Amino acid sequence: MTESSPAQQAQLYIDLHRPAEALRILARVLATNPDDVDALRAMAIAHPESDAGWQSSHQAILAATRVTQLAPRDAHAWRILAIAYSRMGRSKQAREIARTARGLAPALWASYTVVAAVDCDAKLITKDTRESMAEALRLAPNEPAVLFAAGRVASVEGYSRQAREFYERVLAVDPDHVSARNNLAVIDSGRGNEGRALAGYLGILSIDPHSTLARKNLRLAAHRMLTISTILTWGATVAIGGVFIHAREQFDNGQSAASPDRTIPIITAVVAVALVGLYLGWIARRSGAAFARLVRTLPYTEKFLSVWAGVLLASLLGLLVATLTPIDITSDIYGWILLVLAAIYVLGGLIALIRRAL
């Protein structure tokens, strides 16, 4: 048995989602031989795997560009270069390079899927994109990477049902395909099925605990749940609080000596709490055991969302308790609930915007 080369060892680490170890091996190789084509190619793959930021994509471009200079007909290096440019948002260069790669190796399915990938990133599906995708499916109809690319093309064009079929075919061949699982969850979320989406994201993390994409989408799903629950609670508080605030004004002005009838506010408060409970229960039923896991892990993974959930729970309890307190206290409680819910909602939106920008 022949000993594997350092580049091959590095690729094994990349396949195991351990790019940091791969980069250490490759750095040693390139320190003594900076023009080692195999090591440079592996370096171009490892950098984006280690970090999704601009710097990693830039390093991948430098390494892949050097390979194309040393081996101009290395189609693999051209494909890596196209993806790296696409990740940096430089769609024009990415699309041109992808087509260069396709021309260098027209017999390989990967030459056609790279065209589809960068066009999907650019949200620009053309006749050439579709023809490339059709050729990739003809060459490798059961290859997970080809089926995944076809799902992406269908999704960008707005055919979510067709996209789902392709992603499910991917998972039939490769049940641990993280990206297909993620995109299926995104489709579920887009259709309002947050419970199924949550189960999908948590399923991804059970396969790849380091998936930043799954964590990001899970955070967004939890944010949407809390947003809807907060809006329901805030609306109910306005409806009930308005009755008591008006009654307090009459009481303070001496226009009324009697406390207002509490029947309608109590019923409204109970209905509001029930609506939030039913909404969360519906999500829990759709997500199965994943919902309980989310509740257990949220305090450790998402501090702010945990605080938000605590504030929402306290507000719902306050909504019920306030209907039974003296009138002068009741309106104060509703006022504070409105203020706190509005503040946490706005703060949540700002944090979400900042995270998207980073």
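Being a predicted model, the structure only gives us computed values, none of them experimental.

Some details on the environment of Phe166
As for its placement among the helices and strands, Phe166 is situated in helix α10 (residues 160–173). Residue class for Phe166 comes out buried when judged on its relative accessible area of 11%. Distance in space between the C-alpha atoms of Phe166 and Asp38 is 33 Å, their sequence separation being 128 residues. Beyond its immediate sequence surroundings of up to four residues, Phe166 is in contact with Leu137, Leu147, Ala150 and Gly151.

So, the side chain of Ser189
With respect to the secondary-structure elements, Ser189 resides in helix α11 (residues 178–190). Ser189 sits in the buried class, given a relative accessible area of 11%. Separated by 2.5 Å, the side chains of Ser189 and Arg224 make a polar contact. Setting aside residues no more than four positions away along its own chain, Ser189 makes contact with Glu194, Ala197, Tyr201 and Arg224.

Considering the environment of His76
Mapped onto the fold, His76 is located in helix α5 (residues 75–87). With relative accessibility at 33%, the residue His76 sits in the partly exposed group. In this structure, the C-alpha to C-alpha distance between His76 and Ala64, residues twelve residues apart in sequence, is 9.2 Å. When near neighbours in sequence (up to four residues on either side) are disregarded, His76 contacts Arg41 and Ile45.

Quick notes on the nonpolar core
Grouped burial of nonpolar side chains is what soluble globular proteins tend to show. Residues Leu198, Tyr201, Leu218, Met225, Leu294, Leu305 and Leu319 are the most contacted members of the largest nonpolar core, which totals 37 residues. Looking at this core, the elements that each hand over two or more residues are α11, α12 (194–207), α13 (212–252), α14 (263–287), α15 (289–301), α16 (303–322) and α17 (327–357). For Leu218, the residues in contact, after removing those within four places along its chain, are Leu198, Tyr201, Leu202, Leu205 and Leu294. Within the second largest apolar cluster, 34 residues are counted, among which are Ala22, Leu23, Val115 and Val118.

What to know about the pattern of salt bridges
For the structure on display, the rule yields 16 salt bridges. With its nearest N and O atoms 3.0 Å apart, the salt bridge here joins Asp128 to Arg102. Of this pair, Asp128 sits in helix α8 (residues 127–139) while Arg102 sits in helix α6 (residues 91–104); the two residues are 26 residues apart in sequence, bridging distant segments of the chain. Residue classification places Asp128 among the partly exposed residues on the basis of a relative accessible area of 25%. Looking at Arg102, the relative accessible area reads 18%, which means it is buried. Across the pair Lys127 and Glu131 runs a salt bridge whose closest N-O atoms are separated by 4.0 Å. Here Lys127 and its partner Glu131 are both found in helix α8, four residues apart, which amounts to about one turn of the helix. Residue Lys127 is classed as exposed on the basis of its relative accessible area, which comes to 61%. Overlapping salt bridges bring together Arg95, Arg99, Arg102, Asp119 and Asp128 as one network.

Looking at the side chain of Thr233
Note that Thr233 resides in helix α13. Here Thr233 falls in the buried class, since its relative accessible area comes to 1%. One polar contact links the side chain of Thr233 to the main-chain carbonyl oxygen of Ser229, over a distance of 2.8 Å. Beyond its immediate sequence surroundings of up to four residues, Thr233 is in contact with Val276, Leu312, Ser315, Leu316 and Leu341.

Cut-offs used in this document
Residues numbered from 1 in each chain as written. Predicted model: local features only at pLDDT ≥ 70, side-chain atom pairs only at ≥ 80, totals over all residues. Heavy atoms only, no water. Helix = DSSP H or I, 4+ residues; strand = E, 2+ residues; numbered from the N terminus. Buried < 20%, exposed > 50% of the residue type's maximum accessible area, 1.4 Å probe, protein only. Contact = heavy atoms within 4.5 Å. Polar contact = N/O pair within 3.5 Å; in protein donor to acceptor, adjacent residues only side chain to side chain. Core = buried A, V, L, I, M, F, W, Y, C linked by side-chain atoms within 4.5 Å. Salt bridge = Lys/Arg side-chain N within 4 Å of Asp/Glu carboxyl O.

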